[in-house]
Amino acid sequence: MTLTNIAVTPKTDATIFSPALAARFDKLVTLYPLRRSALIPMLLYAQDEIGHLSDAAIAEIAQRIQITVLDVRNVLTYYSMLRTRPVGKFNVQVCTNISCMLRGGQELFEHCEKRLGIGHKQTTPDGLFSLEEVECIGACSWAPAVQVNYDFHDNLTPESMDALLEQYRNNAGQAGQ
Amino acid sequence: MPTLVSHPEEVKIVSSRFGQGAAEIDRYIELGGYQSVRQAIEKGPEWIIAEMKASNLRGRGGAGFPTGMKWSFVPKQSEKPKYILVNGDESEPGTCKDHLIFLHDPHSVIEGCIIAGLAVGAKMGFIYLRGEYRYLLTIMEKAIADAYAIGFLGKGIFGSSFAFDIISQTGAGAYEVGEESALMESLEGKRGIPRIRPPFPAVVGLYGGPTVINNAETIASVPHVLRIGGEAYAKIGSERNGGTRLFCISGHAERNGVYELPMGYNLKKMIYEVAGGIRGGRKLKAVVPGGSSTPVLLPEEIDIGMDFDQVGKAGSMLGSGGVVVLDETVCMVEFALRTIKFYQHESCGWCIPCREGTDWLKKTLTRFHAGAGEARDIDNIRYLAENMMGRTFCPLGDAAAMPTIAFVKKFRQEFEDHLGGRPCPYAKHSINELVVA
Ligand code: FES
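Residues numbered from 1 in each chain as written. Chains lettered and ligands numbered in written order. Predicted model: local features only at pLDDT ≥ 70, side-chain atom pairs only at ≥ 80, totals over all residues. Heavy atoms only, no water.

## Things to note about the interface of chain A and chain B
Facing the 44 residues of chain A at the interface are 64 residues of chain B. Here chain A and chain B share an interface that buries about 4300 Å² over both sides, 58% of which is from carbon and sulfur atoms. Area buried by chain A at its contact with chain B is led by Tyr78(A), Leu102(A) and Trp142(A), which between them contribute 17% of it. Along the contact surface separating chain A from chain B lie three salt bridges. Between Lys341(B) and Glu133(A) there is a salt bridge, and its shortest N-O distance comes to 3.1 Å. A per-class count over the side of chain A that touches chain B returns 25 nonpolar, eleven polar and eight charged. (Contact = heavy atoms within 4.5 Å. Buried area = accessible area lost by both parts, 1.4 Å probe. Salt bridge = Lys/Arg side-chain N within 4 Å of Asp/Glu carboxyl O. Nonpolar A, V, L, I, M, F, W, Y, C, P; charged D, E, K, R; others polar.)

Written out as structure tokens, the structure is:
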């Protein structure tokens, strides 16, 4: 028995994703020579929309790709950017790898810990910020570098980092009003 | 946005369109773009491969394999479709060059990819960016859509019978996937576990078909090679090392940035003249010449030409072009620890020497740096690293071991300075603050 054959393609109205994302997924699975190649992009886009990969999201993606849930989980645990638990609205990722370390990346990370009152992979009680110490993000010549969600910020100092966090905090405040 | 730098010593080829708005297709065309693919269609595959071979262009990802030769390994006849895979999973610490290519000149990657397809008879190409480069994927996707809209992708490119499609996507955070066989696994929707070779990708690659895998900078160089001419391109560089290369200078140089210099350019000159020397006039302690996996060089070892052969002769590697400059304030034990921490984090766990080796190295170095080291640890670190060499499926094990061996060999005194419970002579921490794993 091949497990791949028993999966059912979902009806579009059964989707947990937005209509736009569901439509994108419908197209994505037809794009590659192999359906399964759409898996990693789908996991990323689903995570972007929901904030993390919930059980329901994983189940629907498994159905769409026509593989088992276990198979999806097996893949997603390999990739450091994919997560099954929610994070803060702004995920602050501070690079402390060599080029950043030489320009104060470690101190910047510790500064963020103090400022936000949280440690590596923790989230502030208001759900606004998460903090993560990350490996090289490809901005070494502009170190120390930080990524907030997908946005790059470089040549940071503790002072400019504070201003940046403040900016995100204000943006969130405005969006909430 | 990353700052662009400039220096009169630079020879701007791959970076010639940086900062010129060439992410827009009209501007790219205005700046001479898509002329090379037109020429390639007229002159055909054999001409392309001959030019590529003459150019001495070697893989910019780090291995330095001659590109023309790589292309010529792809069988002419194949039952399965052939593919071009552009490796933009730039993840080697110290390296940020592809970042700029995707940001400023995405069409050069598209054009290079089409030319590679023409050369080997592939009809489909993939551009795979690292997961962190999502904003660059947006730029790349727009560039691809524009190229389709104008008829440079899809069926009948430039009125010929040649058809070519490109899909771009990102990864989701995994250094390991930068290795070509792991990259193919990832693109097939799997964990990025390396494949056993042979067979090599040129014969059995993506979806089982013959596949050319090239670094993004290599592919972006291809249109320039055809425009300049293979022989003329080769002359820009040094012997057997054609053209230019993007060097990412980071760390303690006065003017960090990505500079494009001819292959074989003197490393000392690169640091002291192009990058303005060491910040604040401090003393140089060491240079990591090609990304974190390349063995460290001492100040007296940097009077060398930066090409694959000369850096190799100096006992290190040209690698990915990431030149990391370390001044006298750096604790080399701490630096070695941070380097190994990365490889321990990224080891996929498939091969035991790499999984266990990186873990033990991290544990030992953490303890050592914290002042709880013993004299025999120093040789043990080296012994452990030496026994990882060549014992893993993919190069990650070597990438972790090589720099470690060099740190111990070249900075033994600094290791010894940490013995006897003494505080680290350089780091700002006191022993108590450091966590002993
Ligand atoms: S080392 Fe921090 S971005 Fe590369």
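## Quick look at the domain arrangement of chain B
Residue and element names in this part refer to chain B. Under the domain assignment used here, chain B contains domain 1 (25-236), domain 2 (244-327) and domain 3 (332-436). For domain 1 versus domain 3, the distance between C-alpha centres works out to 36 Å. Tallying the contact residues gives eleven residues for domain 1 and ten residues for domain 3. Both sides together, the interface formed by domain 1 and domain 3 hides about 880 Å², and carbon and sulfur atoms give 75% of it. Joining domain 1 to domain 3, the criterion identifies zero salt bridges. Across the contact surface, domain 1 and domain 3 share one residue pair in polar contact (both at pLDDT 80 or more). (Domains from an automatic or database assignment. Polar contact = N/O pair within 3.5 Å; in protein donor to acceptor, adjacent residues only side chain to side chain.)

## A few points about the pairing of strand 5 (residues 244-251) of chain B
Residue and element names in this part refer to chain B. With eight of eight residues buried, strand 5 is to be regarded as a mostly interior element. Across six bridges, strand 5 lies against strand 6 (residues 257-262) in antiparallel orientation. Opposite threonine 244, over in strand 6, you have proline 262 as the bridge partner. In this structure, the hairpin formed by strand 5 and strand 6 is closed by a connection of five residues. Of the pairings in the sheet, the one linking strand 5 to strand 10 (residues 322-327) comprises four bridges and is parallel in character. Within strand 10, the position partnered with serine 250 by the bridge is valine 324. (Buried < 20%, exposed > 50% of the residue type's maximum accessible area, 1.4 Å probe, protein only. Helix = DSSP H or I, 4+ residues; strand = E, 2+ residues; numbered from the N terminus. Pairing = 2+ DSSP bridges.)

## Brief notes about the pattern of salt bridges
Residue and element names in this part refer to chain B. Throughout the structure, instances matching the rule amount to 38 salt bridges over all chains. A salt bridge links glutamate 301 to lysine 410; its shortest N-O distance comes to 3.0 Å. Separated by 109 residues along the polypeptide, glutamate 301 in the loop between strand 8 (284-288) and strand 9 (305-306) and lysine 410 in helix 16 (residues 396-410) bring together distant segments of the chain. On the basis of relative accessible area, glutamate 301 is assigned to the partly exposed category, the value being 25%. A residue is classified by how much of its surface remains accessible, and lysine 410, at 23% relative accessible area, is partly exposed.

## Overview of the sheet that holds strand 10 of chain B
Residues and elements named next belong to chain B. Reading across from one edge, 6-5-10-8 is the order of the four strands in this open sheet, with mixed pairing throughout. Looking at the sheet topology across the chains shown, the edges are occupied by strand 6 and strand 8. Sheet twist, expressed as the mean angle between neighbouring strand axes with direction ignored, is 30 degrees. Each of strand 5 and strand 6 is contacted by helix 5 (residues 97-104), which is oriented at about 115 degrees to strand 5, the strand it contacts most. (Axes fitted to C-alpha atoms, helices over the stretch in contact; angles between N-to-C directions.)

## Side note on the sheet that holds strand 3 (residues 129-134) of chain A
Residues and elements named next belong to chain A. Taking strand neighbours across the sheet as the criterion, the five strands line up as 2-3-1-4-5 in an open arrangement whose pairing is mixed. Edge positions in the sheet fall to strand 2 (122-123) and strand 5 (151-153), since each of these pairs with one other strand and no more. Relative to strand 4 (residues 146-148), strand 1 (residues 90-95) is paired through three bridges, and the arrangement is antiparallel. Paired with valine 92 across the strands is valine 148, a residue of strand 4. This element, helix 6 (residues 105-116), spans strand 1, strand 3 and strand 4 of the sheet and lies at about 160 degrees to strand 3.

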